[in-house]
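# Topology and contacts: notes
Chain residues, written in single-letter form:
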Amino acid sequence: MSHNQFHHYIPRFILQTFSENFMLKTEGTPTVFIPGIPKILSGGTRRNRGGNRGGNRGGNRGGNRGGNRGGNTGGNSGGNKQRPDYPIKIYQVLDQTTTLNGISRAYGVENIYRDISADDCMEFEKLLARLEGSSAKFVRRIWLGEDLSLTRAELVELKKFLVIVAYRGKNRRSQYFDNNFDMITRLSIPKYMHNNNISRIQDVWFDNLKWLIKTPCDDIVTEFLRAQDHEPKDPFAVIKGYAGPIHVAELLDFGHMVTHYVCIWQAEEGSEFILSEVCFGSFEGDMGVNFHRFFVVSPKYAIVLVNRLYMWGDMETLPLRKSWFSELHANPEVVYTKRPPPVNVTLNDCTPTDVFKYQRIVVPKQKVYLVNSIQLDARRDYLTYKSSASMYKFLHITIRSRTNYSTTSTTTLS
């Protein structure tokens, strides 16, 4: 790209909800600052098109990615007027200190698309902006306590957005730029590069991003099923035998996540979810099987992708540990527009206009703290919280037993 840009890897419209200055308003009325709290204005005089998106998806294949909603997805589009830069608390784990930073330069990376053509970047960001637009509307309904209904087409877009956010994350991207993979994944990349005429391992990351965002979700799932059409059906056979338009490890990850089902979690009163570099796509699981993928969308709410085996009651048959959150599931009510479905629903019974009706699941404080503890492992550099009191409770209860986080560190929280 021709000039420096700061790209968020947690969506900016989510970051702002962690600011004490932010007050959510109903549709049609502007978001305002809370009186008495000073506001920070962004330093730039021009909102550059194509910009603020970053990503963070890493060793646990969980991830974070960002973007600016409200007309500024993928960059700062608009005119010359300044916009408020909401300050948020950022706890630096290494220094055990808390600073107040504006969201314009928080949770992001400079020039995420370096060495990639400007046209490719712009095309990708425009497509991503469309996905974020529809997803942000649903997230806003979550915040406002409104009806949580999605058509099947809207649900597909939401899942695709969440997964691409996870893959586009800083940690996941750094795996390609630092060649930091497990042995099996590392061995599969040269084959993909050879088959797709790619000379640099760093280009595999963006090549996969382009294919995922341009390809209809049904076609991705079809490719996912084709990849598994090898005998014996195990991950090693799939990685060895598959040749296609996307790196096989990412195809398998995407396919599993988009077939998970959605739950909406609401933190119990007196507790809050926190942000970290991987709050988009971090997971709970066992033996390589994901139970839950977490996507924090505000201090009070998280979207959770739940392994579909729970819906069918099959997870308990596997020789895996019991999930910490298995009681926090609720299947959506589905209204089929084509006809009343039979007992065993098939693809012929489904249409893009089918409606999924979700409910908010209140998560007890101790379970909220467990989600937060997943965000806070030894590899996290930064945390963001809204309520100091809630953060103190979390650290006191969850972190006191860890040798690398003493309870005295909580005194630095402001």
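Each remark here, short or long, concerns the structure printed above.
Residues numbered from 1 in each chain as written. Predicted model: local features only at pLDDT ≥ 70, side-chain atom pairs only at ≥ 80, totals over all residues. Heavy atoms only, no water.

### Observations concerning the nonpolar core
Ranked by size, the top nonpolar core spans 99 residues in total, and within it Y107, W205, W265 and I303 carry the most contacts. Core analysis: the second largest hydrophobic core is formed by 10 residues, V93, L376, L383 and Y385 among them. (Core = buried A, V, L, I, M, F, W, Y, C linked by side-chain atoms within 4.5 Å. Buried < 20%, exposed > 50% of the residue type's maximum accessible area, 1.4 Å probe, protein only.)

### As for the environment of V345
Relative to the helices and strands, V345 is located in the loop between β17 (333-335) and β18 (355-358). Dropping the residues within four chain positions of it, V345 is found in contact with Y336 and C350. (Helix = DSSP H or I, 4+ residues; strand = E, 2+ residues; numbered from the N terminus. Contact = heavy atoms within 4.5 Å.)

### Here we look at helix α7 (residues 217-227)
Among the residues making up α7, those that are buried are C217, I220, E223, F224 and A227. Seen end-on, α7 carries its buried residues on one side only, within an arc spanning 120°. Residues of α7 that are exposed and angled more than 90 degrees away from the buried face: D218, T222 and L225. (Arc of directions from axis to C-beta.)

### Description of the sheet that holds strand β13 (residues 275-276)
The four strands lie next to each other as β9-β8-β20-β13, forming an open sheet whose pairing is antiparallel. Each having just a single partner strand, β9 (97-102) and β13 make up the two edges of the open sheet. Both strand β8 (residues 87-92) and strand β20 (residues 382-384) contribute to a ladder of two bridges, which runs antiparallel. Each bridged residue has a counterpart across the sheet, and for Q92 the counterpart in β20 is Y382. (Pairing = 2+ DSSP bridges.)

### Looking at the packing of helix α3 (residues 152-167) against helix α6 (residues 201-214)
Their axes nearest at 11 Å, the elements α3 and α6 cross at an angle of 175°. The orientation of α3 with respect to α6, classified from their angle, is roughly antiparallel. Residues K160, I164 and Y167 of α3 form the contact with α6, whose own contacting residues are V204, W205, N208, L209, L212 and I213. Taken together, the residues that form the contact of α3 with α6 break down as seven nonpolar, one polar and one charged. (Axes fitted to C-alpha atoms, helices over the stretch in contact; angles between N-to-C directions. Parallel < 35°, antiparallel > 145°, perpendicular 65-115°, else oblique. Nonpolar A, V, L, I, M, F, W, Y, C, P; charged D, E, K, R; others polar.)

### Comments concerning the environment of K214
Within the secondary structure layout, K214 lies in helix α6. Between the C-alpha atoms of K214 and F124, which are 90 residues apart in sequence, the distance is 8.4 Å. A polar side-chain atom of K214 sits 3.5 Å from a polar atom in the side chain of E123. (Polar contact = N/O pair within 3.5 Å; in protein donor to acceptor, adjacent residues only side chain to side chain.)

### Describing the pairing of β18
Residues F356 and Y358 of β18 are buried on one face, while the alternating residues V355 and K357, pointing to the opposite face, are not. Sheet topology note: the strand β11 (residues 148-151)/β18 ladder contains four bridges and is antiparallel. Pairing of L148 across the sheet is with Y358, part of β18.

### Side note on the side chain of T17
Considering the arrangement of structural elements, one finds T17 in the loop between α1 (12-15) and β2 (22-23). There is a polar contact of 2.7 Å between the side chain of T17 and the backbone oxygen of I14. Sequence-distant contacts of T17, defined by excluding residues within four places in its chain, comprise F22, W143, V297, S298, P299 and K386.

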